[in-house]
Amino acid sequence: MNVRVTGNQNQHRMLKNYFRTAWRNLRRNKIFSAINIIGLSIGISASLVIYLIVSYDLSFDRSHRDGDRIYRVVSDFIFSGESIHNKGVTMALAPAMRKDLAGLDLIVPFFVINNAKVGADTALLKKQDHIMYADSDYFRLIAYDWLVGSPATSLSGPYHVVLTSSRAAVYFPGLSQEAIIGRRLYFDDTIGTTVTGIVRDLPYHTAFSGQVFISWGTLENTSLRTYQEEWGGTTSNSQLFVKLTSGTNAAGMENRITALYQKYNGAPQNGNKTSYRLQPLSDLHFSTTYGNFFDGDQSAHKPTLYSLLVVAALLLLLACTNFINLTTAQSAQRAKEIGIRKTIGGSRRQLVFQFLSETFLLTLAAVVLSILLSPLLLKMFADFIPRGLHFNVMDQPGILVFGVLLLAGVSLLSGLYPAMVLSSYLPVQVLKSRLPTETGSSHRARLRKTLTVGQFVVAQVFIMGTLLVGKQISYSLSKDLGFRKDAVVYFETNRNDTVRSHRSILMEKLKAIPGVAMVSLSSDIPSSNGVWSSEMKYRDGKKEFSNVVALKGGDTSYMRLYRMKLLAGRELPASDTVNALIINETYLHTLGFHDPREAIGKRIEWNDETPVPVVGVVADFYEESLHTPIKPLAICSLFSNEHTLNVALDPGSIGCKSLKAIIAAMKKATLEVYPDDSFDYQFLDETLAQFYRGEQQTALLLRWATSLMIFVSCLGLLGLVIYITNQRTKEIGIRKIVGATVRQIVMLLSSDFLKLVAWGFVIAVPLAWWLGRSWLDNFAYRTSLSWWIFLAGGVLMGGIAFLILLFRTFKVAMANPADSLRIE
């Protein structure tokens, strides 16, 4: 009986045969298969994790209806030649826009609050954040799913509040959502509200992170109402969103808003300028200039995301390079197989599919291994991973799609060239052992050398970059900042407490604690991210100097506690009003003085009030991170903005147990004066280290990326060394017989590879120098780009490569030459 085989059955059998043969070849070459799988899995794991990070950040605010017409209005100032950016606007702007401007579907002001006390029933919750004053237009701008209540009525009157479902569960645990309606909430002990609605938390990634929405009418019954008619002040808490009418030009609207401001506040004077910009909704999550809605919300940095993509691409390329190198290097071993297959009728197309199937199996194993490793990598890099990012293959189909694309892309990238090379051999040449020779000048040899040099270039650039970032971080943390930073603890007292004696009582309690050397009250620590600035004027009789000056308020102990160097004059006097100023060197030179003594007694006008005398000049200190140059600064006597207590500890009493006892005593004293507050202290040196958290994360990323790139590069190098030494076994045996020493054989086998490392160093140095110089330009004060960074990078890579070469070549060189010749 004849059995008829269909075309589909033939194709099925052919594919089955491809993969069966591929599996046999992979098993036959276990070492090279393992090297390729490990290298590919590292590249694919990094790519998968980076894909999760990048796709997470790029998904923010992509689901809003008419999102392309939604903008945040932000403020740009030019004051005394200095550019200042603020995410807030003056509170008087929104009512004026509603009155005077057309082309806007929605005008949505809101006022954000952080660190509020919230009283719910019998519970008191401290430091509550993501609270905002808003009106019903906010819920027209952002579509929420209402569980109880409605956008039209829930915020219609004063003292109403709407909660998200997650925050409602925190404030009223155990109650149903219907039962929560009508309950009372108190904010900062002064504002009593009634819950009138509950909305579902937004189900997508968004920068709109508000959790508590107090009706705008409530704000109009607080002390903030006085700012609603003032055009002169801008705070980042007062934010404004607009939705443009379809067809309205954003740039034109910016000009109209700026013109409106000038209409009510007057034209710019003395070169100072205020303008408004419309920030697109898609830019909010990535805004480093203006920041996110709430201070502390995590933002993404697009250059960092692009850097991550580069790291992923480089790791994948290194792994693919290994595969191409090792596969083409082994081509002679498979030549006879190729010749026989072609002789019995195999076409080049079939051979290409055969070799691609082997690549596919290797890549598939690497992808599966990568998916298993990814959750572990996410835990290892938890500090670098966005807080809302989770890994779940079943709930995130994008992971599977990305994995399939990687599988196809890497299989083609790694396997296509070797498949074309191997399938090009002619059967006659192969069976007569007339294969193309692999001389140093052959096409395949040159390609392998080029790819290997490329691997070493990438690895050495990353080594040099890692050393440079570490050097800059060390420079930043060890640099003399102009003030004491060790053994200082600081914490903030209740900002809303208007009874000045409370802080005085607390200071006396703190001074009485054993181990406390000194206590000072101030508006801020010497160096912080938030800088309070104001315009100051000085007239020397001929010329008026108008400058934006950073301000810090401190008591009589402030400069002594922080060991600031007084260049001339005296310290601040005890006072409850601003009656004296101490200026820094930068401000001294800005005013045209050279000798600090010349400025003593000069009077500076501030806020159009009575001029205040300069009583001292302090040496420059860094009031911000080293990214920012030192600016004109003045330290003034205390007035009304002081709430930070600075505590200097006695260095001799700081041990593990004694430090805990001191902190416990400080907490006890604080809660005795402020029983309803929490005691949240910080060490000054740890706060200063946070200035460079981004650089520390970059250093961590670079260390890991560098380690992986060195590992992948060395895997490929090991594979090539194993192959070359196996191919030259007979030559090595003959050389030993004729008198070659082990050292000579090791150098013979290693020299070609070390030359490739050297070429990689030559190319890596100018590239690393250019990248390093560009990165250091982000710092106003930076370390030098030392020559030893480049030398150390080359020596480290060369040393690792030599150890790998030595490990393999020494073993081969020590072999018995009789055994080597017998193998051949």
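Look a little higher up for the structure.
Residues numbered from 1 in each chain as written. Predicted model: local features only at pLDDT ≥ 70, side-chain atom pairs only at ≥ 80, totals over all residues. Heavy atoms only, no water.

K.L.:
It is not clear to me how the overall build of the chain should be interpreted in this structure. Could you clarify?
P.N.:
For the chain, the count of helices and strands is 25 helices and 24 strands. Counting all 824 residues of the chain, 49% fall into the buried class. Once local pairs closer than 6 in sequence are excluded, the contacts in the chain between residues at least 24 apart make up 79%. A total accessible area of about 39,200 Å² is found for the chain, and carbon and sulfur atoms account for 57% of it. (Helix = DSSP H or I, 4+ residues; strand = E, 2+ residues; numbered from the N terminus. Buried < 20%, exposed > 50% of the residue type's maximum accessible area, 1.4 Å probe, protein only. Contact = heavy atoms within 4.5 Å. Areas by Shrake-Rupley, 256 points an atom, 1.4 Å probe, with all protein chains shown as cover.)

K.L.:
How should I be thinking about unusual backbone geometry in this particular structure?
P.N.:
Trans is the common state for peptide bonds, and a negative phi is the common state for residues other than glycine. Although it is not a glycine, D66 adopts a positive phi angle of roughly 60 degrees. Despite not being glycine, R563 has its phi angle at roughly 55 degrees, a positive value. Note on placement: R563 falls in the loop between α16 (558–561) and β18 (566–569). The exposure class of R563 is exposed, given its relative accessible area of 55%.

K.L.:
I tried to follow the pairing of strand β6 (residues 131–134) on my own but got confused; where do I start?
P.N.:
Consecutive side chains along a regular strand alternate between the two faces of the sheet. Burial along β6 is two-sided: the face carrying I131 and Y133 and the face carrying M132 and A134 are both buried. Two elements, β6 and strand β11 (residues 212–215), share four bridges in a ladder whose sense is parallel. Residue pairing in the sheet places A134 in a bridge with S215 of β11. (Pairing = 2+ DSSP bridges.)

K.L.:
Sorry, what's going on with the sheet that holds strand β23 (residues 644–649) here?
P.N.:
Two strands in a sheet stick together by hydrogen bonds in their backbones, pointing the same way (parallel) or opposite ways (antiparallel). Across the sheet, four strands lie side by side as β15-β23-β14-β24; this open sheet has antiparallel pairing. Where the open sheet ends on each side, the last strands, each with one partner, are β15 (516–522) and β24 (681–683). Sheet twist, expressed as the average angle between the axes of neighbouring strands with direction ignored, equals 25 degrees. Pairing of β15 with β23, which is carried by six bridges, proceeds in the antiparallel orientation. Paired with L521 across the two strands is L645, which belongs to β23. (Axes fitted to C-alpha atoms, helices over the stretch in contact; angles between N-to-C directions.)

K.L.:
What am I meant to see in the packing of aromatic side chains here?
P.N.:
Inspection of the entire model under this criterion finds 22 aromatic pairs. Between Y138 and F213, the aromatic rings sit 5.4 Å apart at their centres with planes inclined by 35 degrees, giving tilted as the arrangement. With Y138 in helix α4 (residues 136–141) and F213 in strand β11, this residue pair connects regions lying 75 residues apart in the sequence. Given the relative accessible area of 1%, Y138 is considered buried. Measuring from centroid to centroid gives 5.0 Å for F491 and F679, while their planes differ by 65 degrees, and the two rings are edge-to-face. Placement of F491 in strand β14 (residues 488–492) and of F679 in the loop between α19 (656–673) and β24 is noted, with a sequence separation of 188 residues between them. Here the two residues F491 and F679 agree in accessibility, since each one is buried. Every member of this aromatic cluster is reached through a ring pair, and the members are F110, Y138, F139, Y144, W146, F208, F213 and F241. (Phe/Tyr/Trp six-rings, centres within 6.5 Å; stacked < 30°, edge-to-face > 60°.)

K.L.:
Would you mind going over a nonpolar patch on the surface with me for this structure?
P.N.:
Together, L369, L373, L376, M380 and W704 make up a nonpolar patch on the protein surface, roughly 420 Å² of accessible area in all. The element contributing the most residues to the nonpolar patch is helix α11 (residues 348–380), with four residues. With respect to the secondary-structure elements, L369 resides in helix α11. (Patch = residues over 30% accessible without salt bridge, like charges linked within 9 Å, V, L, I, M, F, W, Y side chains within 5 Å. Salt bridge = Lys/Arg side-chain N within 4 Å of Asp/Glu carboxyl O.)

K.L.:
I keep staring at the side chain of S41 and nothing clicks. Help me out?
P.N.:
Note on placement: S41 falls in helix α2 (residues 30–58). Sequence-distant contacts of S41, defined by excluding residues within four places in its chain, comprise A366, L369 and S370.

K.L.:
I tried to follow helix α3 (residues 93–100) on my own but got confused; where do I start?
P.N.:
Since there are 3.6 residues in each turn of an α-helix, residues three or four apart along the chain are aligned in direction. Inspection of α3 places L93, A94, A96 and M97 among the buried residues, and these make up the whole buried set. One face of α3 carries all of its buried residues, which in axial projection span an arc of 165 degrees. Looking at the buried residues of α3, the elements they touch are β1 (70–79), β3 (104–113), β12 (238–244), α8 (250–265) and β13 (273–280). (Arc of directions from axis to C-beta.)

K.L.:
For this particular structure, what's the right way to read the pairing of strand β20 (residues 603–606)?
P.N.:
Sheet topology note: the strand β16 (residues 532–539)/β20 ladder contains two bridges and is antiparallel. Directly across from K537, in β20, lies its bridge partner E605.

K.L.:
Looking at this structure, how should I read the packing of α2 against α11?
P.N.:
The angle between the axes and the distance between the axes are what describe a pair of packed helices. α11 packs onto α2 with a crossing angle of 50 degrees between their chain directions and a minimal axis gap of 7 Å. The angle between α2 and α11 falls in the class oblique. Along this stretch, α2 crosses α11, giving a crossing that reads as right-handed. Listed contacts from α11 to S33, N36, I37, L40, S41, I44, S45, L48, V49 and L52 of α2 are L362, T363, A365, A366, V367, L369, S370, I371, L373, S374, L377 and L378. For the contact of α2 with α11, the residue count by class is 15 nonpolar, seven polar and no charged. (Parallel < 35°, antiparallel > 145°, perpendicular 65-115°, else oblique. Left-handed = near helix turned anticlockwise from the far one by under 90°. Nonpolar A, V, L, I, M, F, W, Y, C, P; charged D, E, K, R; others polar.)

K.L.:
Mind showing me how you'd approach the packing of helix α22 (residues 729–737) against helix α23 (residues 742–776) here?
P.N.:
Two elements in contact, α22 and α23, have axes separated by 10 Å at closest approach and are oriented at 145 degrees. Crossing handedness for the pair α22 and α23: right-handed. The residues of α23 that touch α22, namely those facing E731, I732, R735 and K736, are I745, L748 and L749. For the contact of α22 with α23, the residue count by class is four nonpolar, no polar and three charged.

K.L.:
Help me understand the pattern of salt bridges, please; the structure alone is not making it clear to me.
P.N.:
Once the charged atoms of two side chains with opposite charge are near each other, the side chains can pair. By the definition in use, this model includes 17 salt bridges. A salt bridge links R69 to D105, with the shortest nitrogen-to-oxygen separation between them at 3.0 Å. Highlighted residues: R69 in the loop between α2 and β1 and D105 in strand β3, separated in sequence by 36 residues. With relative accessibility at 16%, the residue R69 sits in the buried group. Connected through salt bridges with shared partners, the residues D66, R69, D105 and K243 form a single ionic network.

K.L.:
It is not clear to me how the nonpolar core should be interpreted in this structure. Could you clarify?
P.N.:
Most often, soluble globular proteins keep nonpolar side chains buried together rather than apart. The biggest cluster of nonpolar side chains holds 99 residues, and the ones touching the most others in it are F483, Y562, M564, I635, L684 and M797. It is helix α14 (residues 443–478) that contributes the most residues to this core, twelve residues altogether. Leaving out residues up to four positions away in the same chain, Y562 has contacts with F483, R484, V488, I525, P526, N646 and L684. (Core = buried A, V, L, I, M, F, W, Y, C linked by side-chain atoms within 4.5 Å.)

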